[in-house]
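Descriptive structure summary
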Amino acid sequence: MSYKNHPMVSRVIFGRGSFNQLSDIVAPKRLNIKAPFIYLVDDVFKGNSWLTSRIPISYNDQIIYISADEEPKTSQVDELVEQIILDHKDRPSGIIGIGGGTILDLAKAVSILLTNEGEAKDYQGWDLVKTPAIYHVGVPTISGTGAEVSRTTVLTGPDKKLGINSDYTPFDQVILDPELTKDVPKDQWFYTGMDCFIHCIESLEGTYLNAFSQSYGEKAFDLCLEIFLNGNLEEKESQDKLMMASWHGGMSIAYSQVGVAHAMSYGLSYLLGTKHGIGNCIVFDQLEEFYPEGVKLFKQMKEKHSIELPQGLCKDLGDDEFNTMIRVALSLEPLWENAVGKQWKQIITKEKLRALYQKM
Ligand code: NAD
Ligand code: ZN
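Please read all numbers here as calculations on a predicted model, not as lab measurements.

About the criteria used
Per chain, residue numbering runs from 1 following the sequence as it is written. Each chain gets a letter, beginning with A, and each ligand a number, beginning with 1, in the order they are written. Reporting of local features is limited, given that this is a predicted model, to residues whose pLDDT is at least 70; pairs of side-chain atoms are given and counted only at 80 or more, and all residues count toward the totals for whole chains, interfaces and linings. The basis for every side-chain value is the complete set of heavy atoms in the structure, and neither hydrogens nor water enter the calculation. Counting from the N terminus, the helices are the DSSP runs of H or I reaching at least four residues and the strands are the DSSP runs of E reaching at least two. Each residue is placed in one exposure class: buried if its accessible area under a 1.4 Å probe, protein chains only, is under 20% of its type's maximum, exposed if it is over 50%, and partly exposed if it falls in between. Here the term donor refers to an N, O or S atom within 2.8 Å of the metal (or 3.2 Å for Na, K and Ca), and because water is left out of the atoms, sites may appear incomplete. Square planar and octahedral assignments, for four and six donors respectively, both demand that opposite donors be over 155 degrees apart and that all other angles lie between 65 and 115; tetrahedral needs four donors with all angles between 85 and 135 degrees, and anything else is irregular. Domain segmentation is taken from an automatic or database assignment of domains. The criterion used for residue contact is that any of the two residues' heavy atoms lie within 4.5 Å. Two parts placed together each lose some accessible area; with a 1.4 Å probe, that loss summed over both constitutes the buried area. For salt bridges, the criterion is a side-chain nitrogen of Lys or Arg within 4 Å of an Asp or Glu carboxyl oxygen. Pairs of N or O atoms within 3.5 Å make up the polar contacts considered here, provided that, within protein, one atom can donate a hydrogen while the other can accept it, and that residues adjacent in sequence are counted only when both atoms are side-chain atoms. When residues are grouped by polarity, Ala, Val, Leu, Ile, Met, Phe, Trp, Tyr, Cys and Pro land in nonpolar, Asp, Glu, Lys and Arg in charged, and all others, Gly among them, in polar. Each pair of strands is called paired provided DSSP finds at least two bridges between the two strands. We define the nonpolar core as a collection of buried residues of types Ala, Val, Leu, Ile, Met, Phe, Trp, Tyr and Cys that are connected through side-chain atoms lying within 4.5 Å of one another. A single heavy atom is enough: if one lies within 4 Å of a molecule or strand, its residue is considered near that molecule or strand. Accessible surface area values rest on a Shrake-Rupley calculation with a 1.4 Å probe, where residue burial reflects the displayed protein chains alone. Note on geometry: axes are C-alpha line fits, over the in-contact stretch for helices, and angles between N-to-C directions span 0 to 180 degrees.

**Brief notes about the environment of Thr 52**
Relative to the assigned elements, Thr 52 resides in helix α2 (residues 49-52). Of the residues examined, Thr 52 reaches a relative accessible area of 17% and is grouped as buried.

**Considering the coordination of the zinc ion (ligand 2)**
For the zinc ion (ligand 2), the protein coordination sphere consists of Asp 195 (OD), His 199 (NE2), His 262 (NE2) and His 276 (NE2), at 2.1 to 2.2 Å. The coordination sphere of the zinc ion (ligand 2) comprises 4 donor atoms, whose angles at the metal cover 88 to 170 degrees; the geometry is irregular. Sequence positions of the residues that donate to the zinc ion (ligand 2) give the spacing D-x3-H-x62-H-x13-H. In this pair, Asp 195 sits in helix α5 (residues 186-204) while His 262 sits in helix α8 (residues 260-272), placing the two residues 67 residues apart along the sequence. The exposure class of His 262 is buried, given its relative accessible area of 3%.

**Details of the domain arrangement of the chain**
Annotation of the chain at the domain level lists domain 1 (11-181) and domain 2 (186-358). Each side of the interface is counted separately: domain 1 has 29 residues, and domain 2 has 24 residues. When the two sides are added together, the surface that domain 1 and domain 2 hide from each other amounts to roughly 2,300 Å², 63% of it contributed by carbon and sulfur. One can count 1 salt bridge joining domain 1 with domain 2. A salt bridge links Arg 16 to Asp 240; the shortest N-O distance between them is 2.7 Å. Taken together, the links from domain 1 to domain 2 amount to 11 residue pairs in polar contact (both at pLDDT 80 or more). Those elements that provide at least two residues to the side of domain 1 that touches domain 2 are β1 (11-14), β7 (154-156), β8 (161-165) and β9 (173-176). Across the side of domain 1 that touches domain 2, the residue classes tally to 12 nonpolar, 8 polar and 9 charged.

**Some remarks on the sheet that holds β7**
The strands that make up a sheet pair up through hydrogen bonds in the backbone, lying either parallel or antiparallel. Taken in spatial order, the 3 strands line up as β5-β8-β7 in an open sheet, and their pairing is mixed. Because the sheet does not close on itself, it has two edges, and the strands there are β5 (125-126) and β7. Pairing between β5 and β8: 2 bridges, direction parallel. Directly across from Gly 125, in β8, lies its bridge partner Ile 164.

**Regarding the nonpolar core**
Membership of the largest hydrophobic core comes to 58 residues, with the highest contact counts inside it found for Phe 197, Phe 284, Leu 287, Trp 336 and Tyr 357. Broken down by element, the residue count for this core peaks at 9 residues, all from α5. By size, the runner-up hydrophobic cluster in this structure holds 34 residues, among which are Ile 84, Val 129, Ala 147 and Trp 247.

**Re the site of ligand 1**
Around ligand 1, the surrounding shell holds 27 residues, and the nearest of these are Asp 42, Thr 102, Ser 150, Thr 192 and Lys 275. A distance of 2.8 Å separates a nitrogen atom of ligand 1 from a polar side-chain atom of Thr 141. One of the backbone nitrogen or oxygen atoms of Leu 180 is found 3.0 Å away from a nitrogen atom of ligand 1. Contact with the protein chains removes 91% of the 870 Å² of surface that ligand 1 exposes when unbound. For the shell around ligand 1, the secondary structure elements donating two or more residues are α4 (101-113) and α5.

**Considerations on the sheet that holds β1**
The sheet built from 6 strands is open, its strands ordered β1-β9-β6-β4-β2-β3 with parallel pairing. Strands at the two margins of the open sheet, each flanked by one partner only, are β1 and β3 (62-66). This sheet shows a mean twist of 15 degrees between the axes of neighbouring strands, independent of strand direction. Pairing analysis gives 5 bridges linking strand β4 (residues 94-99) to strand β6 (residues 136-140), with the strands arranged parallel. Paired with Ile 95 across the two strands is His 136, which belongs to β6. Where helix α3 (residues 74-87) meets the sheet, its contacts fall on β2 (37-42), β3 and β4, and the angle it forms with β3 comes to roughly 160 degrees. Contacts from α4 reach β2, β3, β4 and β6, with the element oriented near 170 degrees to β4.

Shown next, in the form of structure tokens:
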């Protein structure tokens, strides 16, 4: 048995208003005045001076606004890298991602591709990155994915949706300022928050579970119940706690794995572009068979917050389309092994997945 030696985020700052310290944090990392900091910022903040006026721009530093309407693509990473190389003669001092999982993943991937040759798609997989990335900082503005703490950056490529999993992927610095999440729309708050809840269920119910993952997973699970179901939390307390739940949920899957909802949601996302948070909710809603207790709680939370999930996503799909989703879902072997055990291939058939997708 060989155990995984897991890299972690090197530095983290937590607190409401801690975003104000961004300038002090990055200044010592400036290589020289020609080597800029590049800020990748969710374009939902364009024109929002409450946030953007606090981004410390000097010398050749640059803000690039990016839409989070679609999940990150390998081609998008390649284009950003090319743009940065063309715009600046010197290699940047650092990449700073400010946004949700979409922007955080782009920031991680761009920082890797600035020091590693080739295209982003060449690095989708496990431990294919050979050279350390440039300094990269993550500033989450919505809580739940755990992308701020994880060792992966999930990208859709020409033939697969798969992360760049590597020791160089985790951020060098994370700024956890729960105040930045104050304007997240309610539905999105629920979908991305449920990503965290589903991470907990899939980790805690999985065969890969160990004391390391369990200790983080149980904490995140309890926080989710407090936030979404039982607690009567004040808004600020709820924001603070969800940010920590996301962190713990991410830590929990770091040393175990996700499961059925994630595998099937990757299929939906690959074929239909369904986003991660809402896609996980649509799938998880149908998974009583695998996660009876978790799905029961999920339905209660959905009800409590009057969330209506889209229905009939798959009703007009043809055989080829179902087969594509099934192929993508089944290719995520570690997720199935974690969810069902080593004998998963005997239990998880194409027919079974098709029947589940047909309900969505
Ligand atoms: P997101 O980044 O896609 O953002 C969702 C929506 O919320 C967007 O419309 C965005 O503009 C908006 N938004 C974000 N912050 C806001 C704010 N403060 N105020 C108002 N609106 C705001 O959402 P997400 O759920 O955080 O991320 C999903 C992505 O994360 C997917 O691409 C998924 O693959 C990835 N992911 C990565 C990991 C990982 O470990 N790397 C884990 C899970 C998910
Ligand atoms: Zn997830």
